[in-house]
Each structure stands twice: as C-alpha cells, then as structure tokens.
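Working through the structure, step by step
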Amino acid sequence: MTIMKNLFFYSFLYLVTIHVTASALQTYIVQLHPHGVTSSSFTSKAQWHLSFIEQAVPLDDDPSSRLLYSYHSAMEGFAAQLSETELQFLQKLPDVIAIRPDQLFQLHTTYSYKFLGLSPTSSGAWYKSGFGRGTIIGVLDTGVWPESPSFDDSGMPAVPKKWRGICQEGQEFNSSNCNRKLIGARFFTKGHRVASTPSSANIFQEYVSPRDSHGHGTHTSSTAGGASVPLASVLGNGAGVARGMAPGAHIAIYKVCWIYGCYSSDILAAMDVAIRDGVDILSLSLGGFPLPLFADTIAIGSFRATEHGILVVCAAGNNGPIQSSVANEAPWIATIGASTLNRRFPAVVKMGNGELLYGESLYPGNHFPSAGKKLELVYVTEGDKDKGSEFCFEESLPRAIVEGKMVVCDRGVNGRAEKGQVVKESGGAAMILTNTEINLEEDSVDVHVLPATLIGFSESVRLKAYLNSTRNPTARILFGGTVIGRSRAPAVAQFSARGPSLSNPSILKPDVIAPGVNIIAAWPQNLGPSGLPEDSRRVNFTVMSGTSMACPHVSGITALIRSAYPKWSPAAVKSAIVTTADATDRSGHPIMDGNKPAGLFAIGAGHVNPERAINPGLIYDIRPEDYVTHLCTLGYTRSEIFTITHRNVSCRELLQMSRDFSLNYPSISVTLRHGMMRKMIKRRLTNVGRPDSIYSVEVKAPEGVRVRVKPRRLVFKHINESLSYRIWFVSSKRSENMRVSFTQGHLTWVHSPNGQYRVRSPISVTWKYK
C-alpha cells in the first residue's frame, strides 16, 4: 500500500484552487528531465519540483500555493500557476525540458460510466443496446426519492408490456410518483416491524412507503439506470453530467431495508413479487456473511429468479481484506467486488513544519478560502479512556481543549462524517480524519459538515509524530477540488470482500470487480450530503463507497447486454461480463491490491469492461438443472438441494448419468486434495460472434501445475453452435508443509486470424493437504 500511497501523494501533491488575486497567473505544465542533475539535492521528487517554483516566485509569495500537481509516472515535472515573467525565468533553469499551457477538458459527475469506456458512439455498448431500452432493473434497497432528476422520464419509451408491477402508495408516496423511468415501487416492512422495538420508532424518520429515508437506494438505483442529468455536482465538486450505466432502462424499486437493516423475510417477499412483476435484472446491494447455500435466503430466492430468466447481481460485501469474507456466493449470482476510479478530491494537510500530507475530502473547501486557514492542531487522548476521545465519540471532546482548533480523529467505531459533527458541536473548527492500521490507505471520502480531510495510515503516523515533536502544532487544509486521470486505476478497494468462497470453493468469487469507491449518484432531498440528521445542506447528488456501489454498475451493464440479446440466459450474460473483464489497469499494468498485484480472490476475472462485454464472441452457458447437478458434486443432501431448488433429485442417479461433471462456469477453480495429483474438467463454449470462426487456446499455467487442453482449436461453423473441450491439471507440487496453498493462471480462447475476440477464464488451483 505504501508504494501506491506515495504514487498518489506525488501525483496529486496538491491541487490547490485557492483564488490567486493576480489575474495574470496561468496554469502551466513544466516538464523536467527524468534524471535531472539538480534532483540529487532533494530527498523527494515533490521537494525538487517545488524548488523550481521557489526560485521563480517573489519572496513574499507562498510557492506551495502555486503548485497544483507533482508528476513522476506519465512524465517528470509539475503543474503550477505562473505569471509570464515567472514562466520566462523557469524556461532558463537547468533540467527544464518544456513548459506548456494547461488545456481545458470537460469533467463528469457519475464519472464511472466514462471510466468504463461507455460513450454514445455508433460502435459502442450504449448504441448497440439502445442505452438499455426495454429492460427492467429491479432494485432491492432502502427505497427511492422519485423527485430526483435521475428518475426523470423525458425521452423514455413506454412501459414494457411484460411489466406486471404496481406503484404502491404509502406515506408521502402515491401512484403519480411513478413514470416511464421509475415504472414501479413497492415496500416490504413486516419483517422489520415485528423485529423492531416500539421505542425505536421516533429515532429516525422512516417513510412507511417506497420513499427513501436513508439515501442508499436512491444512490444505487440511479447508478444502475439513472437518466442523464446535466450540470450535476456535489456542492461544486465532480461537476458535469450524471448518468447511470443503462440510462435507457426502466427501474422498479423494492424497499426492503429500514433503519435497523434488511430482514430476510422482507427480502424474500420482494424477490418473490419481483419475479412475477417481470423484472429482467435484480440488483441487491445487500448481504451478510458467507452462509451455506441452503441457509441463504438470497441464494434461494435468486435460484428461482434464475429459473425465470432473471440475472441476480449482488454485492460481495465490505468485510475485506479478510480472506473468505465474500458473501452472496451462489454460482447463479453475479457477485461484485469494489474497485477505485482515477478521480480524486485532494485535500492536502500542510503541517506547521512545512511538510505535506496527502488527504481527500468532498467538503467544498475550495469555494471557501477561510476553510484553508492555519489552525492549532489537537489530538485528544488524555482523560477518561472510556470516552473514546481519540475516535471523537459524542461528548468525548472537551470544549475548552478543542474550541477553534483542528481536531485529529482516529477512524473506526462511529461514522466518518459523524466524527466531524461531534467536532463541530464541541466547538472545533476543522478535522483531520486519520486511518488506522485496519484501514491502511483506503480513501473513502465524505461531504463533511466542517472543513475536514481523510489521510491514510502512513500519513497519520507522520502527523502524530509531528504532534509529539512540538508544543505548538499547527496545520491547514488545502482543498484541491476534483482531479481526474492522475492516479493508477482501477485498484481493489481495501474493504472489498475476498474469496475463496467458504461454501463453494469450486466456484471463484467474487466474479468481477467494478467501481465502488467515491461514487457520485442521486441523493434524496430529505438528507444532507453527509447523511447526518444535523446536516441542513440539500443536494441532488452525493458520494458513497462500498460494494453496494459496485453492484449497480454491473446491474446496469447487465441491462445493456440483456437489451442487446434479449434471448440470452442469465448465465450467458454473466459469462459475457466475466470473460471480457480486464486483468490490467488503465496503464496496462496488473490491477493492484494495496502494494501488491491483486489475486483472483480479490478481483475474480478482473475489472468489468462493458464495451467488450456487449460483444464477447463466445459464452459459457448454464441451464438451471446444471446447477442442481453441481450441488450434488458439493455433497449436498437431497433435502438441502430441495431447499434451494425445489427439485427432488437423487444425486447418485444424477452423477451416474453425468460422469466427470463440472459446472460450465466462465472462471475455473480447481481443488487438489491430499494425494490427488491430477484432475480433469470440461467446458462448453457457444459461438455468439461470427459464423465460420476459429479459436485457438492460450494458457498461462498456474505455478506448480501443468495444464493440457484438448482440442487446442475450436472451429465454429454457425452462430449458436456449441463445442466442448477438456482441461487436465497435473500437479508438480509434492511438498505438504502447509495446510492450503494457492496458485493462479488463465486460459484464453483467441479468435483467428486477428484476435478480435479474446475469451479469457481465470484459473485458480488450490492444494488442500490436510
């Protein structure tokens, strides 16, 4: 994580949009020699870059306030605000190669669609799918704020004839709140109501209707299928056009989550109704810990949905980076982990000793010059330890100590934005939120209620060292607005849940990752952008992070594929997403997980790529009865299988009829148990690309395993023709010192002669010795 942190620090070192009164200043990009002779005099590239500005600007000016970026990957150099005289001076300095004026580019709000390559061109996924028109995305969540501009139905087609749902009326919600975009809404509260205590009713305003009291459902549903909204922003940050992944799709809301969470009884009731209503996709940004499939309500309900041709997309969970923490593990579910974007919201801490700490925030401090003023710094750790002052718990901060000061709060236990509210109520003027070792460098930002920033763990160690080094510590926060394209992405989110699957290690989970960090999407007007009841600000959009945000990205992409190929099965759609996922980041390097390349248990097949998924070439299809046979191979009993599938089967007979059965999953996960040196599995591919197509296999064998594929060429004569192949895994590993060890590789079928299609399956091999 340290390597990535330093990259972010130097790449963004501080985009400060403090308004410089000298109107003659202009932004320039100063390119330096990568092996500059003057660099050896400085301990860091950032200091070296800053030294050029120090030489150029007047003595009474602050050089650091001029520095916008410090680059050292794409190029060596920096961006700064300079006058014409300063520009001419810099041009004469040694190691300066070139100086170029900055160029204006348009920014976007739900920027993730642009990051994923979605563009309304004649060759793109949006165009091919009609922006998802005709599909219905059912979202199980906290409800919806129907007045949000993301649910405007201008330009939407008529409600599909297959739709059988309703617009259920309730508190502050009537049938007129639905339209051609938001075609249906229901709420399910019985399970929650009977489980809640009567005294809890007035703690938080709940609408007993589909109306969203919390914002989560409005956010996720607009991410999946929100309409285009121009001039959107979060108090000026992330300004641009907001769009869902499938802006032409219809949305149906099923409110199943309330103040204390989402009860399985309500969830199952919603899934039950949604199947009858006629949805094409079910999006569930919810779940818990891993459960056996027969004990998992979501797994059971989604199997039924799959039988009806509905693809169920679920969040992997936020319990990462703990191993085997992934939830929603059923093979008929698309399980989605979270990744980062290359969009940042820098809010750099400048300590009194002149050192800079990279942080991020969506507090709109760049619009309020006073937000960046120097303040005394305080970290309350003395006194009653039970009060949790270091975490900034309610009533833990003495006003006499924190009033008018910048307060350091450790992350953990209570909410990030909530800590800022506590600081504000205690008289504090600003906050630095510090990651602990648990969160490392994870950077989920918030729209804080006072000037505040979040810094990573390594930066927090430096901050606390500074606090202990002086009697009068001071700091100021320099807010940099929105920055795009200066960081390496995507990377795995620290919180994203990891495999291997506890209940079903023969299936690789999560399936893929998708944008889930600092996602901007629609927000209800009953809440401030921080989500706190005390926040009186009102916005149409705010930022959230979690696999909850990653899930609707894939739900929307699923709608695009379903719209383009309405007869495809749920497994075919999922295969298109899995086999076209990216294993590298935007720079062509491996996707990172902290400071190391990400493994398959973090990213599955990789990062979703909608532009490739809309035209996959080949797909791995699965029938519902294949899942039943698969459950038999896991050793499930007749009653357990019946619980999931409602099919009374004899596994003995099924497995005799299907010798050497292996589920036709688009990713490959093999377990070699004690004494087992080889294993064979089968797969079947269906041609959905071009007739008369030839594919050749490429294999990157996992370390310690020899892989043999037969045949090595697949010759398809027709569209929808299916051909099978076999893979033999032979272990060359004989050491049994560990209980479990893992290795990974991949298998790719490449279309000849020009490689237009690359159908890639990740391979995971696990040895279990004891």
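Residues numbered from 1 in each chain as written. Predicted model: local features only at pLDDT ≥ 70, side-chain atom pairs only at ≥ 80, totals over all residues. Heavy atoms only, no water.

Attention now moves to the overall build of the chain. For the chain, the count of helices and strands is 20 helices and 38 strands. Projecting the C-alpha coordinates of the chain onto the three principal axes gives extents of approximately 85 × 65 × 55 Å. Nonlocal contacts in the chain, meaning residues at least 24 apart in sequence, comprise 75% of its contacts between residues at least 6 apart. As displayed, the chain has an accessible area near 30,500 Å², and 52% of this comes from carbon and sulfur atoms. Separation of charge centres in the chain, based on 77 positive and 61 negative side chains, amounts to 10 Å. (Helix = DSSP H or I, 4+ residues; strand = E, 2+ residues; numbered from the N terminus. Contact = heavy atoms within 4.5 Å. Areas by Shrake-Rupley, 256 points an atom, 1.4 Å probe, with all protein chains shown as cover. Lys, Arg positive; Asp, Glu negative; His and termini not counted. Charge placed at Lys NZ, Arg CZ, Asp CG, Glu CD.)

For the structure on display, the rule yields four disulfides. Linked covalently through their sulfurs, Cys167 and Cys178 form a disulfide whose S-S length is 2.0 Å. For the disulfide bridge between Cys167 and Cys178, the dihedral angle about the S-S bond is near 85 degrees, and by the sign convention the bridge is right-handed. Of this pair, Cys167 sits in the loop between strand S5 (136-141) and strand S6 (182-187) while Cys178 sits in the loop between S5 and S6, and the two are eleven residues apart along the sequence. (Disulfide = S-S within 2.5 Å.)

Once that is clear, we can look at the confidence of the model for the chain. Looking at the chain as a whole, its pLDDT mean stands at 86, while 91% of the residues score no less than 70. Segment residues 199-203: pLDDT under 50, and three contacts once partners within four positions in sequence are set aside and those in other chains are kept. (pLDDT = per-residue confidence, 0-100.)

Moving on, we come to the nonpolar core. Judged by nonpolar contacts, the single largest core of 51 residues is most densely connected at Val313, Ile336, Val512, Ile561, Trp568 and Ile577. Per-element tally for this core: the top contributor is helix H14 (residues 547-564), with seven residues. Discounting residues that sit within four places of it in the chain, Ile577 has contacts with Val512, Val554, Thr558, Ile561, Val608 and Ala613. Judged by nonpolar contacts, the second largest core, of 46 residues, contains Phe188, Leu293, Phe303 and Tyr636. (Core = buried A, V, L, I, M, F, W, Y, C linked by side-chain atoms within 4.5 Å. Buried < 20%, exposed > 50% of the residue type's maximum accessible area, 1.4 Å probe, protein only.)

Scanning the model with the defined rule gives 14 aromatic pairs in all. For the pair Phe294 and Tyr636, a centre-to-centre distance of 5.5 Å together with 75 degrees between the ring planes defines the contact as edge-to-face. Of this pair, Phe294 sits in the loop between strand S12 (281-284) and helix H10 (297-307) while Tyr636 sits in the loop between helix H18 (624-633) and helix H19 (638-645); the two residues are 342 residues apart in sequence, bridging distant segments of the chain. Ring plane angle 50 degrees and centroid distance 5.7 Å describe the contact between Tyr363 and Phe479, whose orientation is recorded as tilted. Here the residue Tyr363 occupies a position in the loop between strand S18 (359-360) and strand S19 (375-378), and Phe479 occupies one in strand S23 (residues 474-479), the gap between them amounting to 116 residues. Across this residue pair, the class does not change: Tyr363 and Phe479 are buried. Counting every residue linked through ring pairs, the aromatic cluster contains Trp48, Phe52 and Phe78. Over the aromatic face of Trp145 sits the side chain of Arg211, whose NZ or CZ is 4.5 Å from the ring centroid. (Phe/Tyr/Trp six-rings, centres within 6.5 Å; stacked < 30°, edge-to-face > 60°. Lys NZ or Arg CZ within 6 Å of the ring centre and 35° of its normal.)

Take unusual backbone geometry next. Each neighbour pair has its own omega, and for Gly499 with Pro500 the value is 0 degrees, a cis peptide bond. Looking at where Pro500 falls in the secondary structure, it is placed in the loop between strand S24 (483-484) and strand S25 (512-515). Omega for the bond connecting Lys710 with Pro711 falls within 30 degrees of zero, at -5 degrees, which places this linkage in the cis form. By the element assignment, Pro711 lies in the loop between strand S34 (705-710) and strand S35 (713-716). A positive phi angle, near 65 degrees, is found at Glu395, a position not held by glycine. Mapping Glu395 onto the fold places it in the loop between S19 and helix H11 (399-402). Under the relative-accessibility criterion, Glu395 is labelled exposed at 70%.

Two elements in contact, H18 and H19, have axes whose closest approach is 10 Å; the angle formed by their N-to-C orientations is 150 degrees. Taken as axis vectors, H18 and H19 run roughly antiparallel relative to one another. The interaxial crossing formed by H18 with H19 has right-handed handedness. Taking contact as the criterion, the partners of Val628, Leu631 and Cys632 in H18 are, on H19, Ile641, Ile644 and Thr645. Across the contact of H18 with H19, the residue classes tally to five nonpolar, one polar and no charged. (Axes fitted to C-alpha atoms, helices over the stretch in contact; angles between N-to-C directions. Parallel < 35°, antiparallel > 145°, perpendicular 65-115°, else oblique. Left-handed = near helix turned anticlockwise from the far one by under 90°. Nonpolar A, V, L, I, M, F, W, Y, C, P; charged D, E, K, R; others polar.)

What follows deals with the environment of Arg399. For Arg399, the location among the structural elements is in helix H11. Setting aside its immediate chain neighbours within four residues, Arg399 contacts Glu425, Ser426 and Gly427.

On the surface, Arg678, Arg706, Arg708 and Lys710 cluster together into a positively charged patch. Counting residues per element, the positive patch draws most heavily on S34, at three residues. Look at Lys710 and you get exposed, because its relative accessible area is 52%. (Patch = residues over 30% accessible without salt bridge, like charges linked within 9 Å, V, L, I, M, F, W, Y side chains within 5 Å. Salt bridge = Lys/Arg side-chain N within 4 Å of Asp/Glu carboxyl O.)

On to helix H13 (residues 457-467), then. Along an α-helix, residues three or four apart share an orientation, since each turn contains 3.6 residues. Looking only at H13, the buried set comprises Glu459, Ser460, Leu463, Tyr466 and Leu467. Buried positions in H13, seen along its axis, are confined to an arc of 120 degrees and lie on one side of it. (Arc of directions from axis to C-beta.)

So, on to the environment of Leu440. Its place among the elements puts Leu440 in the loop between strand S21 (430-434) and strand S22 (452-455). In the structure, Leu440 is positioned 20 residues away from Ser460 in sequence and 9.7 Å away in space, judged by C-alpha atoms.

On to the sheet that holds strand S32 (residues 678-687), then. Ordered by their spatial adjacency, four strands build an open sheet running S30-S32-S36-S34, and the pairing between neighbours is antiparallel. Looking at the sheet topology across the chains shown, the edges are occupied by strand S30 (618-619) and S34. Where S34 and strand S36 (residues 722-731) come together, six bridges link them in antiparallel fashion. Bridge assignment links Val709 to a residue of S36, and that residue is Ile727. (Pairing = 2+ DSSP bridges.)

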